[in-house]
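One letter stands for each residue in the lines below.
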Amino acid sequence: MADQTYEWTVTHSENKLPAAEREAILDAPVFGTKFTDHQVVVTWEQGKGWHSASVIPYGPIMMDPAAAVLHYGQEIFEGIKAYRHQDGSIWTFRPEMNARRLQKSAHRLALPELPVEIFVESLRQLIDVDGDWVPQPVNEKTLYIRPFEIAAETFLGVRPAQRAEYRVIASPVGPYFTGGVKPVKIWIALDSARAGRHGTGEAKTGGNYAASLLAQSEGYDNGCSQVLFLDAESATYIEELGGMNLFFVYRDGHVVTPALDGTILHGITRDSVIQLIKDRGISVEERKVTLDEVRAGVNSGDIVEMFACGTAAVITPVGQLKSRLETIGAEDPEPGELTVSLREELTGIQYGTVEDRHGWLVKLS
Ligand code: PLP
Ligand code: COI
């Protein structure tokens, strides 16, 4: 079964974007708006397993209107980047972690688990044909890769699909937030929750993001660029943002981040940042954090920095936390010292200018 997947079929696009047009996109990429010339498709069928691994031209998916994913949201995804180094080589960051998280998400959504080797190979295959789409290492430009898996069976019965597709697409990106490293404002969701106990909060599945959009729009209307979710049960504890994990830096130097309690996504940037902080001899507490603690800490000056992190957003300073009841923090603070230096270290590792002492980078080309 697995052997078949190593026979990758590659069909080159006959409509590749002319180089000049591609370069114009790479000059000023806008997150998630333009895509490379190819995509990966690997199919899974009940009784047959994963098969027909292929690279095909980028284009729409032909899908029956009764495909299960369109009705019951049986869908999972990943986010990972390809970084060009100064010598032209192309690298990615901790892909086995994304592969294993995709497997965990698959398990939760009753989808088939893609073997880790196929996940990593799928990135190589795409970069093999679309490597020219990885931007030069300036202005935080990268190629954002979006692997995803969908229930592709044509069937309206509510049960795990017997046919699934794993696909990979990629989009050149610049900074996720248009303001650069300027601290972002965060909207506290008081009227909606993202994930409940034993729900799908730990899985990277479309439904979690659909559930975040109402609060996210409310946030936009109030000048905020991300939304913060509290625990669904008591609305007391800070969990995470719509697409990022959150950290708090205390005046005495230690750092706190919400513990992974079953409802929070196990961020790979979060894990890496914890390691980089520990490497500096600074203590990191993974524990429950209440909104009350953060409010009191920011007001008293005990909390001196807040930052959010994720693949798309890297490490982004957080300025204010706002809700319809209150505003916590100053209007336009300077980005924190630790935030900025962690960001430089992490991006330095990713772009190959800082030593990769944990062996996080994997060469794609
Ligand atoms: N939390 C959520 C809800 C996310 O969507 C993401 C982004 O992937 C993260 C956290 C950060 O995860 P990672 O660092 O693996 O990108
Ligand atoms: C990522 O950081 O890769 C994410 O998936 C966050 C968001 C773009 C959904």
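Bear in mind the structure is a predicted one, so any value in this text is a computation, not a measurement.

### Points about the site of ligand 1
Move 1: Near ligand 1 there are 17 residues, and of these R101, Y209, E240, T269 and T311 occur at the shortest range.
Move 2: Within the contact set of ligand 1, an oxygen atom lies 2.7 Å away from a side-chain nitrogen or oxygen of R101.
Move 3: Relative to its free-state accessible area of 380 Å², ligand 1 is covered by the protein chains to the extent of 96%.
Move 4: Elements that contribute at least two residues to the shell around ligand 1 include exactly β11 (238-241), α8 (268-279) and β15 (303-310).
Move 5: The class makeup of the residues in the shell around ligand 1 is 6 nonpolar, 7 polar and 4 charged.

### So, the packing of aromatic side chains
Move 1: The final tally for this structure, using the stated rule, is 9 aromatic pairs.
Move 2: Aromatic pair F31 and Y144: ring centres 5.0 Å apart, planes at 55°, arrangement tilted. A residue pair is termed long-range when its members are at least 10 positions apart, and F31 in the loop between α2 (19-27) and β2 (38-45) and Y144 in strand β7 (residues 142-151) qualify at 113 residues.
Move 3: Classification of Y144 as buried rests on a relative accessible area of 8%.
Move 4: Taking 5.5 Å as the distance between ring centres and 75° as the angle between the ring planes, the aromatic pair formed by F93 and W360 counts as edge-to-face. Taken as a pair, F93 in strand β6 (residues 90-93) and W360 in the loop between α10 (337-350) and β18 (361-363) lie far apart in primary sequence, 267 residues in all. With respect to class, F93 is no different from W360; both count as buried.
Move 5: Here a set of aromatic residues connected by ring pairs shows up, and it is made of F31, Y144, Y176 and F177.
Move 6: Here K288 stacks its cationic end above the ring of Y237, 4.5 Å away from the centre of that ring.

### Some details on the nonpolar core
Move 1: V40, V42, A82, F119, I127, I145 and Y166 are the most contacted members of the largest nonpolar core, which has 47 residues in total.
Move 2: The element best represented in this core is helix α5 (residues 116-130), accounting for 8 residues.
Move 3: In terms of domain composition, this core takes at least three residues from each of domain 1 (9-173) and domain 2 (184-349).
Move 4: With sequence-adjacent residues up to four places away left out, F119 is seen in contact with E78, P95, N98, A99, L102, L114, P147 and Y166.
Move 5: Counting 24 residues, the second-largest nonpolar core is a separate cluster that includes I238, V289, I303 and A313.

Thresholds, definitions, all that
- Residues numbered from 1 in each chain as written.
- Chains lettered and ligands numbered in written order.
- Predicted model: local features only at pLDDT ≥ 70, side-chain atom pairs only at ≥ 80, totals over all residues.
- Heavy atoms only, no water.
- Near = heavy atom within 4 Å.
- Polar contact = N/O pair within 3.5 Å; in protein donor to acceptor, adjacent residues only side chain to side chain.
- Areas by Shrake-Rupley, 256 points an atom, 1.4 Å probe, with all protein chains shown as cover.
- Helix = DSSP H or I, 4+ residues; strand = E, 2+ residues; numbered from the N terminus.
- Nonpolar A, V, L, I, M, F, W, Y, C, P; charged D, E, K, R; others polar.
- Phe/Tyr/Trp six-rings, centres within 6.5 Å; stacked < 30°, edge-to-face > 60°.
- Buried < 20%, exposed > 50% of the residue type's maximum accessible area, 1.4 Å probe, protein only.
- Lys NZ or Arg CZ within 6 Å of the ring centre and 35° of its normal.
- Core = buried A, V, L, I, M, F, W, Y, C linked by side-chain atoms within 4.5 Å.
- Domains from an automatic or database assignment.
- Contact = heavy atoms within 4.5 Å.

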